[in-house]
Amino acid sequence: MWPTWVKATASTTATTGATCRSPTFSSPTLKDIQALLGDDPHQPLSCPALRRVLHRARLASSALRALRSAFASAAPSSDPLDRRRHGLVLYFTSLRIVRRTFEDCRVVRSILRGLRVAVDERDLSMDSRFLAELQVALGCRQPTLPQLFLAGRCLGGAEEIRLLHESGELKALVDGIASLPPSASDCEACSGVRFVLCASCSGSHKRYSEKTGGYRTCGECNENGLVRCPNCFAAPL
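Not measured: the values here are computed from a predicted model.

1. A word on the overall build of the protein chain
And then number 1: Across its full length, the protein chain carries seven helices and eight strands.
And then number 2: Counting all 237 residues of the protein chain, 30% fall into the buried class.
And then number 3: Intrachain contacts of the protein chain at a sequence separation of at least 6 include 57% that bridge at least 24 residues.
And then number 4: For the protein chain, the accessible area works out to roughly 16300 Å², and carbon and sulfur atoms hold 56% of it.

Following this line, the structure appears as structure tokens:
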């Protein structure tokens, strides 16, 4: 009637005389409970297991407080899109390494220029810091290009912008954005590239320091020795 393995287990247990014993734990006393509820973290506890649990809980609590303070200190500079200044922000690339990506970026730029609205164009191939901004804004390590943001909200990539433009919704969304100046695409300083050589280091990304008697990294430009064009970004968009 019973399976063979049940009979074998029962007979083996009866033969060996093995019994199941529950591990012994020392129960916390009233003093332990009062110590937990108290404010003194150095109050001794009589239960060893309770001491270990309390120690781990305190470590976890201190780690969470440290993380919370770190995030709070980084909060003021965590908005890469600068919503107060920029209405439209376009992340794109001018490199032709990936033809499909380059064509998508070109189409979106043409659509926005046809609407005659001011756009903060951020070319990832000119400044690698734009990639870090886009990663934070989208929450992913490998974002696709282009990406258009309006007042800090992502409108999408090339396909989404193309559909919004064809339906007329994009024009309604950008209504109220500052108009594009007539000479914005023909800037005499940057020729529409939006970047110029750094005047402090002449594009070398290094400056001579009299204190150290050597060269140090220029802090006013990016790794390519470029700064954003002062004529294109002189006034808030």
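So, next bit.
2. Concerning the pattern of salt bridges
Close approach of charged atoms allows side chains of opposite charge to pair.
And then number 1: All chains considered together, the criterion is met by ten salt bridges.
And then number 2: The residue R122 makes a salt bridge to D120 at a minimum N-O spacing of 2.8 Å.
And then number 3: Taking relative accessible area as the criterion, R122 reaches 4% and is therefore assigned buried.
And then number 4: Judged by its relative accessible area of 0%, D120 falls in the buried class.

3. With respect to a nonpolar patch on the surface
And then number 1: A cluster of nonpolar residues, L95, I97 and V98, forms a patch on the protein surface that exposes about 310 Å² of accessible area.
And then number 2: Following the sequence through the fold, I97 ends up in the loop between β1 (88-92) and α4 (99-114).
And then number 3: Of the residues examined, I97 reaches a relative accessible area of 73% and is grouped as exposed.

4. Details of the nonpolar core
And then number 1: With 28 residues, the main nonpolar core has L88, L90, Y91, L112, L148, I161 and L170 as its most contacted residues.
And then number 2: Going through the elements one at a time, β1, α4, α5 (129-138), β3 (147-150) and α6 (158-167) are the ones with two or more residues in this core.
And then number 3: Element by element, the count of residues in this core is highest for β1, at five residues.
And then number 4: With residues up to four places along the chain from it excluded, the contact list for L148 reads L88, V89, L90, L112, R153, C154, L155, G156, I161 and L170.

5. Considerations on the packing of aromatic side chains
And then number 1: One pass over the structure, following the stated rule, counts three aromatic pairs.
And then number 2: For the pair Y91 and F149, a centre-to-centre distance of 5.8 Å together with 80° between the ring planes defines the contact as edge-to-face. Of this pair, Y91 sits in strand β1 while F149 sits in strand β3, and the two are 58 residues apart along the sequence.
And then number 3: The class for F149 is buried, based on a relative accessible area of 2%.

6. Quick look at the packing of α4 against α6
And then number 1: Where α4 meets α6, the closest approach of the two axes is 10 Å, and the angle between their N-to-C directions is 30°. The angle between α4 and α6 falls in the class roughly parallel. For the crossing formed where α4 meets α6, the hand is left-handed. Taken together, the residues of α6 that come into contact with α4 (itself represented by D104, V107, V108 and I111) are A158, I161, R162 and H165.
And then number 2: Of the residues belonging to the contact of α4 with α6, the class tally is five nonpolar, one polar and two charged.

7. A look at unusual backbone geometry
And then number 1: Cis geometry is found at the peptide bond from L145 to P146, where omega equals 0°.
And then number 2: As for its position among the elements, P146 is in the loop between α5 and β3.
And then number 3: The phi dihedral of R116 falls on the positive side, at around 60°, and the residue is not glycine.
And then number 4: The residue R116 is located in the loop between α4 and β2 (120-123) in this model.
And then number 5: Classification of R116 as partly exposed rests on a relative accessible area of 39%.
And then number 6: If you check the backbone angles, H205 has positive phi at about 65° while not being a glycine.
And then number 7: Classification of H205 as buried rests on a relative accessible area of 19%.

8. Thoughts on the pairing of β2
And then number 1: Of the two faces of β2, the one lined by D120 and R122 and the one lined by E121 and D123 are each fully buried.
And then number 2: In this structure, β1 lies alongside β2, joined through four bridges in parallel fashion. Of the residues in β2, the one forming a bridge with L90 is E121.

The rules behind these values
Residues numbered from 1 in each chain as written. Predicted model: local features only at pLDDT ≥ 70, side-chain atom pairs only at ≥ 80, totals over all residues. Heavy atoms only, no water. Helix = DSSP H or I, 4+ residues; strand = E, 2+ residues; numbered from the N terminus. Buried < 20%, exposed > 50% of the residue type's maximum accessible area, 1.4 Å probe, protein only. Contact = heavy atoms within 4.5 Å. Areas by Shrake-Rupley, 256 points an atom, 1.4 Å probe, with all protein chains shown as cover. Salt bridge = Lys/Arg side-chain N within 4 Å of Asp/Glu carboxyl O. Patch = residues over 30% accessible without salt bridge, like charges linked within 9 Å, V, L, I, M, F, W, Y side chains within 5 Å. Core = buried A, V, L, I, M, F, W, Y, C linked by side-chain atoms within 4.5 Å. Phe/Tyr/Trp six-rings, centres within 6.5 Å; stacked < 30°, edge-to-face > 60°. Axes fitted to C-alpha atoms, helices over the stretch in contact; angles between N-to-C directions. Parallel < 35°, antiparallel > 145°, perpendicular 65-115°, else oblique. Left-handed = near helix turned anticlockwise from the far one by under 90°. Nonpolar A, V, L, I, M, F, W, Y, C, P; charged D, E, K, R; others polar. Pairing = 2+ DSSP bridges.

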